Amino acid sequence: MSTPPQLVVHRDKDLMAQAAAARLITKIVDAQASAGSASVVLTGGRNGNGLLAALRDAPARDAVDWSRLDLWWGDERFLPAGDPERNETQAREALLDAVPLDPKRVHAMPTSNGPYGDDAEAAAAAYAAELAAAAGPESHAGVPAFDVLMLGVGPDTHVASLFPELPAVRETERTVVAVHGAPKPPPTRITLTLPAIRAAREVWLLAAGEDKAEAVAITLSGAGEVQAPAAGAYGRSRTLMLLDSTAASRLPRDLYAPASP
Ligand SMILES: O=C(O)[C@H](O)[C@@H](O)[C@H](O)[C@H](O)COP(=O)(O)O
């Protein structure tokens, strides 16, 4: 059974992104100090990319040893390499191209014009195999023991490309699946499943903006994971909801103490 998420509410989306970036720097530095490397799962979308851009501009950015960081993705829009709508493209623009990562440790999800062509199922299976090959003794569910897995929360409570009531959110065995007919364009995607997400040590849910207030309230209301996938996204040791005040505006005020006035 999951422990309830810890809520951290910041004044606005920019401060939330900056505070989350500082939190991520500390998390990575601590993991590298204790285990020699760190493993982080990125998310797409405005909040996910906003955090990466804040990390790029953070004064403490280079406290991270970028050469000892493994980056994975929680989901990807199944598009050709370099397509501006790919989460990978946007992450490279926001941060990745500005820091000295080891290219072998940047694990992008397959493109729709790569080795698997337009076969999203084959591409998903290949990413699952890559995750399994990287899993170690502390792993669960056939994926690496991610230190932090980040997820933007959609206005319909989707996370990654797990949309309410669609088949992918019901997956209990596979770690990566293809998604067709996604309500958020583009329709074809590749996504980690809830078993893979829940193998992470920490899951950080990111939500900022008025358009997320209802989704945040539903997620914390006890809704089921098929109806509200964000409710099924929790970490093995910690789950954080990193919000701005507008995204928290539908929550009872006694549920959290604002982190920044
Ligand atoms: O491929 C994607 O679109 C993202 O991975 C998706 O899960 C995103 O994180 C949410 O839709 C929130 O997006 P915003 O932060 O832009 O609202």
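Everything numeric in this text was worked out from a predicted model, so none of it was measured.

*Asks:* Explain the confidence of the model for the protein to me, please; I cannot follow it from the model alone.
*Replies:* Detailed reading of predicted coordinates is not advised where the pLDDT is low. When pLDDT is averaged across the protein, the result is 96; 99% of the residues are at 70 or more. Both confidence scores are given for the complex: pTM 0.98, ipTM 0.98.

*Asks:* What should I look at first to understand the pairing of strand S3 (residues 69-73) in this one?
*Replies:* Side-chain direction in a regular strand flips from residue to residue, so the side chains alternate between the two faces of the sheet. Of all five residues making up S3, five are buried, and the element is well covered by its neighbours. The side-chain alternation of S3 yields two buried faces, one formed by Leu-69, Leu-71 and Trp-73 and the other by Asp-70 and Trp-72. Inspection of the sheet shows strand S2 (residues 38-42) paired to S3 by five bridges, in the parallel sense. If you follow Val-40 over to S3, its bridge partner there is Leu-71. Assessed by its sense of winding, the connection that carries the chain from S2 through helix H2 (residues 45-56) to S3 is right-handed.

*Asks:* Explain the packing of helix H1 (residues 13-35) against H2 to me, please; I cannot follow it from the model alone.
*Replies:* Here H1 crosses H2 at 65°, and the two axes come no closer than 8 Å. Considering their axes alone, H1 and H2 lie roughly perpendicular with respect to each other. Handedness of the crossing formed by H1 with H2: right-handed. Here H1 contributes Met-16, Ala-17, Gln-18, Ala-20, Ala-21, Leu-24 and Ile-25 to the contact with H2, which in turn contributes Asn-47, Gly-50, Leu-51, Ala-54 and Leu-55.

*Asks:* I tried to follow the layout of surface pockets on my own but got confused; where do I start?
*Replies:* One water molecule sets the probe size; rolling that probe over the atoms shows where empty space is left. By volume, the largest pocket amounts to about 390 Å³. Lining the largest pocket are 21 residues, and of these Ala-35, Glu-138, Ala-145, Asp-147 and Arg-201 sit closest to its centre. Within the residue set of the lining of the largest pocket, elements represented by two or more residues are H1 and S2. When residues of the lining of the largest pocket are assigned to their parent elements, the largest contribution, five residues, is made by H1. Of the residues belonging to the lining of the largest pocket, the class tally is eight nonpolar, six polar and seven charged.

*Asks:* It is not clear to me how the packing of aromatic side chains should be interpreted in this structure. Could you clarify?
*Replies:* The geometry of two aromatic rings is summed up by the distance between their centres and the angle between their planes. Counted by the stated rule, this structure contains two aromatic pairs. With centroids separated by 5.9 Å and ring planes inclined at 75°, the aromatic side chains of Trp-72 and Tyr-127 adopt a geometry described as edge-to-face. Of this pair, Trp-72 sits in strand S3 while Tyr-127 sits in helix H4 (residues 120-134); the two residues are 55 residues apart in sequence, bridging distant segments of the chain. For the residue pair Trp-72 and Tyr-127, the accessibility class agrees, reading buried in each case. Taken together, Trp-72, Tyr-127 and Phe-146 form an aromatic cluster joined through their ring pairs.

*Asks:* Would you explain the site of the ligand in this entry?
*Replies:* Taken together, 15 residues lie near the ligand, and Arg-46, Asp-75, His-158, Ala-160 and Lys-212 sit nearest. Here an oxygen atom of the ligand sits 2.6 Å away from a polar atom, N or O, in the side chain of Asp-75. Measuring from an oxygen atom of the ligand, one finds a side-chain N or O atom of Arg-77 at 2.8 Å. Within the complex, 97% of the 420 Å² of free accessible area of the ligand lies under protein. At the level of secondary structure, the elements contributing two or more residues to the shell around the ligand comprise H2 and strand S4 (75-77). At three residues, H2 tops the list of elements feeding residues into the shell around the ligand. Here the residues of the shell around the ligand are counted per class, giving two nonpolar, seven polar and six charged.

*Asks:* What am I meant to see in the UniProt feature "domain: Glucosamine/galactosamine-6-phosphate isomerase" (unreviewed entry) in the protein here?
*Replies:* Under the UniProt annotation, "domain: Glucosamine/galactosamine-6-phosphate isomerase" (unreviewed entry) lies at residues 12-236. Counted over residues 12-236, helix gives 31% and strand 14%. Its end C-alpha atoms are 28 Å apart.

*Asks:* Help me understand the pattern of salt bridges, please; the structure alone is not making it clear to me.
*Replies:* A pair can form between side chains of opposite charge whenever their charged atoms are brought close. Applying the stated criterion across every chain, the model contains 20 salt bridges. Between Arg-46 and Asp-211 there is a salt bridge whose closest N-O contact spans 3.4 Å. Residue Arg-46 is found in helix H2, and its partner Asp-211 is found in the loop between strand S8 (202-207) and helix H6 (213-219); the two are separated by 165 residues along the sequence. Glu-76 serves as the salt-bridge partner of Arg-86, at 3.6 Å between the closest nitrogen and oxygen. In this pair, Arg-86 sits in the loop between S4 and helix H3 (87-94) while Glu-76 sits in strand S4, placing the two residues ten residues apart along the sequence. Through salt bridges with shared partners, a single ionic network connects Glu-76, Arg-86, Glu-88 and Arg-92.

*Asks:* For this particular structure, what's the right way to read the environment of Ala-182?
*Replies:* For Ala-182, the location among the structural elements is in the loop between strand S6 (176-179) and strand S7 (189-192). With 20 residues separating them in the primary sequence, Ala-182 and Leu-162 have C-alpha atoms 8.7 Å apart. If we ignore the near neighbours within four places in the chain, the residues touching Ala-182 are Phe-163, Leu-166, Pro-187 and Arg-189.

Parameters and conventions
Residues numbered from 1 in each chain as written. Predicted model: local features only at pLDDT ≥ 70, side-chain atom pairs only at ≥ 80, totals over all residues. Heavy atoms only, no water. pLDDT = per-residue confidence, 0-100. Buried < 20%, exposed > 50% of the residue type's maximum accessible area, 1.4 Å probe, protein only. Helix = DSSP H or I, 4+ residues; strand = E, 2+ residues; numbered from the N terminus. Pairing = 2+ DSSP bridges. Right-handed = clockwise from strand over helix to strand, strands pointing away. Axes fitted to C-alpha atoms, helices over the stretch in contact; angles between N-to-C directions. Parallel < 35°, antiparallel > 145°, perpendicular 65-115°, else oblique. Left-handed = near helix turned anticlockwise from the far one by under 90°. Contact = heavy atoms within 4.5 Å. 1 Å grid on protein atoms, 1.4 Å probe; cavity = no way out; pocket = protein on both sides within 12 Å on 5 of 7 lines; lining within 4 Å. Points joined across faces, edges and corners; volume = space filled by probe spheres on them. Nonpolar A, V, L, I, M, F, W, Y, C, P; charged D, E, K, R; others polar. Phe/Tyr/Trp six-rings, centres within 6.5 Å; stacked < 30°, edge-to-face > 60°. Near = heavy atom within 4 Å. Polar contact = N/O pair within 3.5 Å; in protein donor to acceptor, adjacent residues only side chain to side chain. Areas by Shrake-Rupley, 256 points an atom, 1.4 Å probe, with all protein chains shown as cover. UniProt positions renumbered as here; feature names shortened; annotations may be inferred. Salt bridge = Lys/Arg side-chain N within 4 Å of Asp/Glu carboxyl O.

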